[in-house]
Amino acid sequence: MKNIKGHGLNGRAVLCSSFLAILLLACFDHPAIAQGATAVVAVKPLVPAVLPGKGAEQFDFFYAGEAKSHNMYIVRKGKIAWSYIDTAGRGEISDAVLMTNGNILFAHQFGITLIGPDKKVLWNYDTPKGCETHTAQPIGTDHVVFIQNGDTAKLFVVNIKTGKTEKEFVLPVKNPKSVHGQFRHARLTESGTIIVAHMDLGKVCEYDSNGNQLLSLDVPGVWSAVPLKNGNILVSGNLRFVREITRKGEVVWEYPLDEIPDFTISSPQIAIRLANGNTLVNNWYNQWNGKLDPTRAQAQAIEVTPDKKVIWALRAWTDPLNLGPSTTIQVLNDANSTSEKVHFGDIK
């Protein structure tokens, strides 16, 4: 081997070292490379060290969520005052309403059930094979409106006293064969129409009681849609957003959930507007992804002000207040709380 500057292998080593030093200096002189070499990837916290608000004592509420068992709770003064736990029931609770008389209507994928405060079944609808039901709302004490996912998806209004179907019309879907992803949420408006979140179509639509489409807005990833008293619609979705939109589709308020400091909100489901003007967002945990580590658990819900400040968070994953996954929270005695005091056309 030939000598380099008369130093043989040692000279070659010196040259290699010098070349490496020059290369490193060049790298750190280049801002993009230098930042990449020294950057530390920040892991966003799941919750802040100190949660805002008073936890489960913030207000009294009814609580339910999609889980491997049918679990629902009424929480008063931070403690469970009533619970319903059905580990044998098939399907997941996607929607539930506590009525003013204490009855509870809940849609649980393969059926819809109405129970009394004593947990006895007052009415039940079994979803036909190949179909699913994920949203339902009582109309007065005699009627229930619900959507049935299926090869032919339909909206029904049933008189639970007589068992008679009083309204029925077909709803459009993107994929008739992909039943599970078609619908999750729908709510009646003060004017007697219904706002439907078409999850698979990525649209929010409004229908009258005869099935006529009155409105169609593009909202990709939509999970829930709640009509507001000002005529706008509050939407949330699996692309991690909460927005208030007008009937022209204009965004008048938006809360990108990935941008919340100190919180990770990975799976928003139903968002509601409280009477105080704040927005309550449910954050779901998927039990089918594995067992939850309570020490590494996200908040189940947050309350955010119009200027986007989180003033309350619920994180209740351990006994004596283990509420499980969150889909819906109904704040008791809130003027905006959804109950049976609605109508659908002339059905009251």
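Before reading further, recall that the structure is shown in the block above.
About the thresholds
Residues numbered from 1 in each chain as written. Predicted model: local features only at pLDDT ≥ 70, side-chain atom pairs only at ≥ 80, totals over all residues. Heavy atoms only, no water. 1 Å grid on protein atoms, 1.4 Å probe; cavity = no way out; pocket = protein on both sides within 12 Å on 5 of 7 lines; lining within 4 Å. Points joined across faces, edges and corners; volume = space filled by probe spheres on them. Helix = DSSP H or I, 4+ residues; strand = E, 2+ residues; numbered from the N terminus. Nonpolar A, V, L, I, M, F, W, Y, C, P; charged D, E, K, R; others polar. Salt bridge = Lys/Arg side-chain N within 4 Å of Asp/Glu carboxyl O. Buried < 20%, exposed > 50% of the residue type's maximum accessible area, 1.4 Å probe, protein only. Core = buried A, V, L, I, M, F, W, Y, C linked by side-chain atoms within 4.5 Å. Contact = heavy atoms within 4.5 Å. Phe/Tyr/Trp six-rings, centres within 6.5 Å; stacked < 30°, edge-to-face > 60°. Lys NZ or Arg CZ within 6 Å of the ring centre and 35° of its normal.

## Regarding empty space enclosed by the protein
Thinking step 1. For the structure on display, the rule yields one cavity of 30 Å³ or more.
Thinking step 2. Elements represented by at least two residues in the lining of the largest cavity include exactly β8 (132-139), β9 (143-149) and β12 (183-188).
Thinking step 3. Considering only residue class, the lining of the largest cavity consists of six nonpolar, two polar and one charged.

## Description of the pattern of salt bridges
When their charged atoms lie close together, side chains carrying opposite charge are able to pair.
Thinking step 1. Tallied over the full model, the rule gives eleven salt bridges.
Thinking step 2. For Glu206, the salt bridge identified is with Arg247, shortest N-O distance 2.5 Å. Taken together, the residues span a long stretch of sequence, with Glu206 in strand β14 (residues 203-207) and Arg247 in the loop between β18 (241-245) and β19 (251-256) at a distance of 41 residues.
Thinking step 3. For Arg247, a relative accessible area of 33% corresponds to the partly exposed category.
Thinking step 4. Among the salt bridges present, the one from Arg243 reaches Glu254, with a minimum N-O distance of 2.8 Å. Taken together, the residues Arg243 in strand β18 and Glu254 in strand β19 connect sequence positions eleven residues apart.
Thinking step 5. Classification of Arg243 as partly exposed rests on a relative accessible area of 21%.

## Brief notes about the nonpolar core
Thinking step 1. Formed by 20 residues in total, the largest nonpolar core has its most connected members in Phe61, Leu280, Leu314, Leu323 and Ile329.
Thinking step 2. For this core, the secondary structure elements donating two or more residues are β1 (61-64), β2 (70-76), β20 (268-273), β23 (310-314) and β24 (328-331).
Thinking step 3. Excluding residues within four positions of it along the chain, Phe61 makes contact with Ala56, Tyr73, Ile74, Val75, Leu314, Leu323, Ile329, Gln330, Val331 and Leu332.
Thinking step 4. Ranked by size, the runner-up nonpolar core spans 19 residues in total, among them Ile139, Leu171, Phe183 and Tyr207.

## Examining the packing of aromatic side chains
Thinking step 1. Per the counting criterion, the structure on display carries ten aromatic pairs.
Thinking step 2. With centroids separated by 6.5 Å and ring planes inclined at 10 degrees, the aromatic side chains of Trp82 and Tyr84 adopt a geometry described as stacked. Both residues of the pair, Trp82 and Tyr84, belong to the buried class.
Thinking step 3. A connected cluster of aromatic rings, assembled from ring pairs, spans Phe59, Phe61, Tyr63 and Trp312.
Thinking step 4. If you follow Arg90 out to its NZ or CZ, it ends over the ring of Phe110, 4.0 Å from the centre.
Thinking step 5. In this structure, Lys119 packs its charged tip against the face of Trp82, placed 5.9 Å from the ring centre.

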